[in-house]
Amino acid sequence: MIEPGELADRLSDIEPTAAADPGSIVVVHAPGRVNLIGEHTDYNEGYVLPIAIDRGIAIAFVPTQDRRVTLTLAATDETTSFDLDAIAPRRGHWIDYVAGTAWAMAEAGLGTQGFRGVLGSDLPQGAGLSSSAALELASALALSGGTAPTSDLMQLARIAQRAENGYVGVQSGLMDPFASAHGREGAALLLDCRSLEYRPVTLGLDDVALVVADSGSPRRLDRTAYNERRAQCEAAVAAIARTHPGVRSLRDVTPAMLADCAGSLEPALARRAQHVVEEDTRVLEAAAAMEAREHARVGELLLESHASLRDLYEVSSPELDALVDTAMAVDGVFGARLTGAGFGGCTVDLVRRDAIDRLSEAISTRYAAQTGLVPRMFEVLPSTGARRVDGWH
C-alpha cells in the first residue's frame with residue numbers, strides 16, 4: 001500500500017496548516033480491484049466475482065472551513081481545485097471523479113466539506129484495475145472529513161457509481177465501487193447485481209497465487225465503446241422480450257431463449273447476449289470451484305471467459321490475447337483472462353506459486369519480444385475496503 005507517512009510529509013511541504021499541526025492530517029485509502037470472472041455482467045443484473053486488492057489510491061488531507069477542494073498529485077505536483085457550492089460540468093480531467101463524487105453526495109443529501117490534500121496511487125494507470133472507483137471512494141471519505149458519509153456501504157458504492165454515470169458520463173455498473181467499498185482480506189466477493197446480495201468466497205492462496213499482468217498497452221475502451229456495448233445489451237433484451245415478455249435484463253435470458261430468438265436478433269446483439277448468459281453461469285461455477293480448491297477447473301473457466309470476451313463481446317486486443325497465450329505456455333499456470341472491461345489493460349492469472357518466476361520470465365521476454373511493449377507483473381492479495389488509515393503517525 002502507499003506509504004501514508006510519505007503522503008503526509010508531502011502535504012506538510014505545501015500546506016501550512018499541515019506543517020503547523022501534523023496531527024490535523026487525515027489519510028484515507030481505497031483499493032483498486034481485480035475481477036476474477038464476470039465481465040460486463042454487472043450492468044446486465046448478473047453475477048460478478050471481484051476482489052479488492054492491496055493497491056489503491058490514498059489521500060492525505062487537512063479539512064478546511066471553506067467550501068473549496070484543492071488536490072495535488074504526488075507523482076507530478078499538478079494541483080487543481082473546485083468549489084463545492086458551484087460544481088462545474090465535467091472537464092475531461094482526473095478531478096472530474098472527485099467533483100462528481102461531491103455532486104453525487106449532494107444529490108443523495110449527504111454533507112460535504114472542503115479540504116486540501118495530496119493524492120498518491122500505486123495502481124498502474126489505464127490498466128483496468130478500477131482506479132476511477134478507488135478515487136471516487138477515497139474522495140467520498142475525504143469529503144466527509146475522513147469517515148464514510150454513510151454506514152451503508154452499498155449506498156456508498158452507489159454514490160460512486162452515480163458519480164461515474166451521471167457526472168463523468170460512463171455508464172458503468174456497480175461492481176467496481178462495490179468491490180472497493182466492501183473488500184475483505186483473503187476473500188473474493190460473489191455479488192448478485194440484481195438483488196445486491198453478496199457473500200465472501202474464501203480464497204485459499206497457500207499454494208496458488210493471483211497474478212496480474214499489465215500489458216503495457218493502456219485501455220482503449222473509451223466512453224463511447226463502453227456505452228455502445230451496454231446499449232447493445234439493452235437492444236438485445238428488447239428484442240428477446242418481444243417473444244418472452246418476462247425478460248427485463250440479460251440476467252433473465254436462458255440459452256433456450258437465445259436459441260428461440262436467434263433468427264430475430266442481429267448477429268452482434270446475439271453475440272453480446274450469448275457472452276453475458278454464459279458468463280453468469282461461469283461466475284457461479286468458478287466461485288464453487290475456488291472454494292473447493294479445484295484450481296484446474298477455475299483455470300478452465302478463466303480461459304472460457306477470455307475466449308468469450310474476445311470472440312463474442314469483442315473487447316479483447318492483440319496484446320491481451322498475447323499475454324494469455326504466453327501465460328498458458330508456462331507449466332503451472334491454470335488459467336488467464338483479460339480483466340477490467342478490455343481493449344488493453346491487464347490479465348489475471350491463476351498460477352502455482354512455484355511457477356511465478358517462470359511466468360514472470362516468459363512475460364518479460366517472449367511477450368515483450370512479440371509486442372514491443374514493456375509489461376509489468378505483480379501478485380495481488382485480497383484486501384480490505386475503503387477506510388481511514390490510522391496509526392501511521
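Preceding this section is the structure that the text describes.
Residues numbered from 1 in each chain as written. Predicted model: local features only at pLDDT ≥ 70, side-chain atom pairs only at ≥ 80, totals over all residues. Heavy atoms only, no water.

Turning our attention to helix H4 (residues 131–143). With 13 residues, H4 extends 18 Å between its outermost C-alpha atoms, agreeing within 8% with the 18 Å of an ideal straight helix rising 1.5 Å per residue. For H4, the tally of buried residues reaches 12 of 13 residues, placing the bulk of the element in the interior. Those residues of H4 that fall on the buried side of the exposure criterion are Ser132, Ala133, Ala134, Leu135, Glu136, Leu137, Ala138, Ser139, Ala140, Leu141, Ala142 and Leu143. Of the residues flanking the end of H4, it is Gly145, one or two places downstream, whose phi is positive at about 85°. (Helix = DSSP H or I, 4+ residues; strand = E, 2+ residues; numbered from the N terminus. Expected span 1.5 Å × (residues − 1). Buried < 20%, exposed > 50% of the residue type's maximum accessible area, 1.4 Å probe, protein only.)

A few words on the state of the cysteines. Under the counting rule described, the total for this entry stands at zero disulfides. Cys233 supplies the cysteine sulfur nearest to Cys193, a cysteine that is in no disulfide, at a spacing of 13 Å. Relative accessible area serves as the criterion here: at 11%, Cys193 is assigned to the buried category. (Disulfide = S-S within 2.5 Å.)

Let us now look at the nonpolar core. Val34, Leu36, Leu49, Ile51, Ile59 and Leu250 are the most contacted members of the largest nonpolar core, which totals 104 residues. At nine residues, the largest contribution of residues to this core is made by helix H9 (residues 267–291). Apart from the residues within four sequence positions on either side, Ile59 is in contact with Leu7, Val26, Val27, Val28, Leu71, Phe115, Val118, Leu119, Ala138, Ser139 and Ala142. Formed by 17 residues, the second largest nonpolar core is a distinct cluster that contains Leu323, Val330, Ala336 and Ile363. (Core = buried A, V, L, I, M, F, W, Y, C linked by side-chain atoms within 4.5 Å. Contact = heavy atoms within 4.5 Å.)

Take helix H3 (residues 95–107) next. A rise of 1.5 Å per residue sets the reference length of H3, with its 13 residues, at 18 Å; its end C-alpha atoms lie 18 Å apart and thus fit the reference within 8%. The set of residues buried in H3 consists of Ile95, Asp96, Val98, Ala99, Gly100, Thr101, Ala102, Ala104 and Met105. For H3, the secondary structure elements touched by its buried residues are strand S3 (68–73), strand S4 (79–83), H4 and helix H5 (153–168). Phi turns positive one or two residues past the end of H3, at Gly109, with a value near 80°.

Attention now moves to the sheet that holds strand S10 (residues 346–352). If you walk across this open sheet you meet the four strands as S9-S10-S8-S11, and the pairing is antiparallel. If you trace the sheet from one side to the other, it starts and ends with strand S9 (333–339) and strand S11 (376–380), each paired once. Taking the axes of each pair of neighbouring strands and ignoring which way they run, one obtains an average angle of 25° across the sheet. Here strand S8 (residues 208–214) runs beside S10; their pairing, made up of seven bridges, is antiparallel. Bridging from a neighbouring strand, Val212 pairs with Val348 of S10. Relative to S9, helix H10 (residues 295–311) is tilted by about 30°, and along the sheet it contacts S8, S9 and S10. (Pairing = 2+ DSSP bridges. Axes fitted to C-alpha atoms, helices over the stretch in contact; angles between N-to-C directions.)

With that settled, consider the environment of His275. Within the fold, His275 resides in helix H9. In the structure, His275 is positioned 35 residues away from Arg310 in sequence and 9.8 Å away in space, judged by C-alpha atoms. Look past the residues within four positions of His275 in its chain and what remains in contact with it is Glu39, Arg282, Ser308, Leu309, Leu312 and Tyr313.

Within this structure, the stated rule accounts for 25 salt bridges. One salt bridge connects Arg251 with Asp192, and the closest N-O pair in it is separated by 2.8 Å. Linking Arg251 in the loop between helix H7 (223–241) and helix H8 (255–260) with Asp192 in strand S6 (residues 187–192), this pair joins segments that are 59 residues apart in sequence. Asp192 gets classed as buried once you look at its relative accessible area, which sits at 12%. Among the charged side chains, a salt-bridge network with shared partners connects Glu45, Arg194, Arg248 and Asp252. (Salt bridge = Lys/Arg side-chain N within 4 Å of Asp/Glu carboxyl O.)

Attention now goes to the pairing of S3. Pairing of S3 with S4 involves five bridges; the strand directions are antiparallel. Bridge pairing in S4 places Thr70 opposite Ser81. The antiparallel pairing of S3 with S4 creates a hairpin that spans five residues between the two strands, and Asp77 there sits at a positive phi of about 70°. One ladder, built from five bridges, connects S3 with strand S5 (residues 115–121); its direction is parallel.

Turning next to the packing of H4 against helix H6 (residues 175–182). The axes of two packed helices give the description: the angle between them and the distance between them. Between H4 and H6, the shortest axis-to-axis distance is 9 Å and the interhelical angle comes to 50°. Compared by their axis directions, H4 and H6 come out oblique. Pair H4 / H6 crosses with right-handed handedness. From H4, Ala133, Ala134 and Leu137 reach across to H6, where they touch Asp176, Pro177, Ser180 and Ala181. Across the contact of H4 with H6, the residue classes break down as five nonpolar, one polar and one charged. (Parallel < 35°, antiparallel > 145°, perpendicular 65-115°, else oblique. Left-handed = near helix turned anticlockwise from the far one by under 90°. Nonpolar A, V, L, I, M, F, W, Y, C, P; charged D, E, K, R; others polar.)

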